[in-house]
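Each chain, written out:
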Amino acid sequence: MNEIETEMDIDLVASKEQAKACQRLWSMVILYALRDVRERIANTKAKNLEWAIRQEMDYFTSRDFEAVCRFAGFEIEPDTIENGLRTLRRW
(Lines give C-alpha, C1' and ligand atoms only; values in the text may rest on other atoms or scores of the structure.)
Protein backbone atom coordinates (compact mmCIF):
# COMPACT_ATOMS: atom_id res chain seq x y z
CA MET A 1 0.00 0.00 0.00
CA ASN A 2 1.42 3.36 -0.91
CA GLU A 3 1.30 6.52 1.18
CA ILE A 4 -1.62 8.08 -0.72
CA GLU A 5 -3.84 5.01 -0.25
CA THR A 6 -3.02 4.92 3.46
CA GLU A 7 -3.96 8.58 3.90
CA MET A 8 -7.24 8.02 2.06
CA ASP A 9 -8.07 5.05 4.31
CA ILE A 10 -7.35 7.10 7.43
CA ASP A 11 -9.47 10.00 6.13
CA LEU A 12 -12.36 7.64 5.40
CA VAL A 13 -12.22 6.13 8.89
CA ALA A 14 -11.97 9.58 10.47
CA SER A 15 -14.92 10.82 8.41
CA LYS A 16 -17.08 7.89 9.50
CA GLU A 17 -16.13 8.44 13.15
CA GLN A 18 -16.94 12.15 12.85
CA ALA A 19 -20.31 11.36 11.26
CA LYS A 20 -21.17 8.97 14.10
CA ALA A 21 -20.08 11.56 16.68
CA CYS A 22 -22.31 14.16 15.03
CA GLN A 23 -25.26 11.77 15.06
CA ARG A 24 -24.70 11.12 18.77
CA LEU A 25 -24.55 14.85 19.42
CA TRP A 26 -27.86 15.48 17.63
CA SER A 27 -29.40 12.51 19.45
CA MET A 28 -28.45 14.17 22.73
CA VAL A 29 -30.09 17.42 21.56
CA ILE A 30 -33.31 15.45 21.08
CA LEU A 31 -33.02 13.70 24.43
CA TYR A 32 -32.44 16.97 26.27
CA ALA A 33 -35.36 18.64 24.47
CA LEU A 34 -37.63 15.76 25.46
CA ARG A 35 -36.37 15.83 29.04
CA ASP A 36 -36.92 19.58 29.31
CA VAL A 37 -40.44 19.44 27.90
CA ARG A 38 -41.30 16.52 30.18
CA GLU A 39 -40.29 18.57 33.21
CA ARG A 40 -42.22 21.64 32.05
CA ILE A 41 -45.39 19.64 31.36
CA ALA A 42 -45.11 17.70 34.62
CA ASN A 43 -45.01 21.02 36.49
CA THR A 44 -47.94 22.58 34.61
CA LYS A 45 -51.22 23.13 36.41
CA ALA A 46 -54.03 20.93 35.11
CA LYS A 47 -56.09 23.90 33.90
CA ASN A 48 -53.19 25.02 31.66
CA LEU A 49 -52.21 21.57 30.39
CA GLU A 50 -53.78 21.71 26.92
CA TRP A 51 -52.31 25.14 26.24
CA ALA A 52 -48.87 24.03 27.49
CA ILE A 53 -48.90 20.91 25.32
CA ARG A 54 -49.85 22.92 22.23
CA GLN A 55 -47.08 25.40 22.98
CA GLU A 56 -44.47 22.68 23.42
CA MET A 57 -45.62 20.81 20.31
CA ASP A 58 -44.85 23.87 18.18
CA TYR A 59 -41.19 22.88 18.34
CA PHE A 60 -41.74 19.15 17.85
CA THR A 61 -43.76 19.77 14.68
CA SER A 62 -41.32 22.32 13.29
CA ARG A 63 -38.87 22.02 10.43
CA ASP A 64 -36.09 22.62 12.95
CA PHE A 65 -37.02 19.46 14.84
CA GLU A 66 -37.31 17.52 11.59
CA ALA A 67 -33.78 18.65 10.72
CA VAL A 68 -32.42 17.67 14.13
CA CYS A 69 -33.97 14.21 13.74
CA ARG A 70 -32.48 13.90 10.28
CA PHE A 71 -29.06 14.90 11.63
CA ALA A 72 -29.44 12.33 14.42
CA GLY A 73 -30.25 9.67 11.85
CA PHE A 74 -33.76 8.77 12.92
CA GLU A 75 -37.35 9.91 12.81
CA ILE A 76 -39.71 10.61 15.70
CA GLU A 77 -43.38 11.10 15.00
CA PRO A 78 -44.74 14.24 16.71
CA ASP A 79 -47.89 12.27 17.62
CA THR A 80 -45.76 9.92 19.69
CA ILE A 81 -44.30 12.85 21.60
CA GLU A 82 -47.69 14.46 22.14
CA ASN A 83 -49.21 11.21 23.40
CA GLY A 84 -46.29 10.80 25.78
CA LEU A 85 -46.76 14.33 27.13
CA ARG A 86 -50.46 13.68 27.72
CA THR A 87 -49.75 10.50 29.68
CA LEU A 88 -47.36 12.30 32.03
CA ARG A 89 -50.29 13.70 33.98
CA ARG A 90 -52.25 10.46 34.38
CA TRP A 91 -51.02 9.35 37.78
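Structure: above.
Parameters at a glance
- Residues numbered from 1 in each chain as written.
- Predicted model: local features only at pLDDT ≥ 70, side-chain atom pairs only at ≥ 80, totals over all residues.
- Heavy atoms only, no water.
- Salt bridge = Lys/Arg side-chain N within 4 Å of Asp/Glu carboxyl O.
- Buried < 20%, exposed > 50% of the residue type's maximum accessible area, 1.4 Å probe, protein only.
- Helix = DSSP H or I, 4+ residues; strand = E, 2+ residues; numbered from the N terminus.
- Contact = heavy atoms within 4.5 Å.

Participant: How do you make sense of the pattern of salt bridges when you look at a structure like this?
Facilitator: Opposite charge on two side chains permits pairing when their charged atoms draw close. Scanning the model with the defined rule gives 4 salt bridges in all. Ionic pairing is found between D36 and R35, a salt bridge with its closest N-O pair at 3.4 Å. Overall, R35 belongs to the partly exposed group, its relative accessible area being 35%. A network of salt bridges, in which partner residues are shared, links E50, E82 and R86.

Participant: Any chance you could explain the environment of F71 here in plain terms?
Facilitator: By the element assignment, F71 lies in helix α3 (residues 63–72). For F71, a relative accessible area of 41% puts it in the partly exposed group. Taking the C-alpha atoms as reference points, F71 and C22, separated by 49 residues in sequence, lie 7.6 Å from one another. In contact with F71, not counting residues within four places along its chain, are Q23 and W26.

Take it as geometry only, folks, not as evidence of what the structure does.
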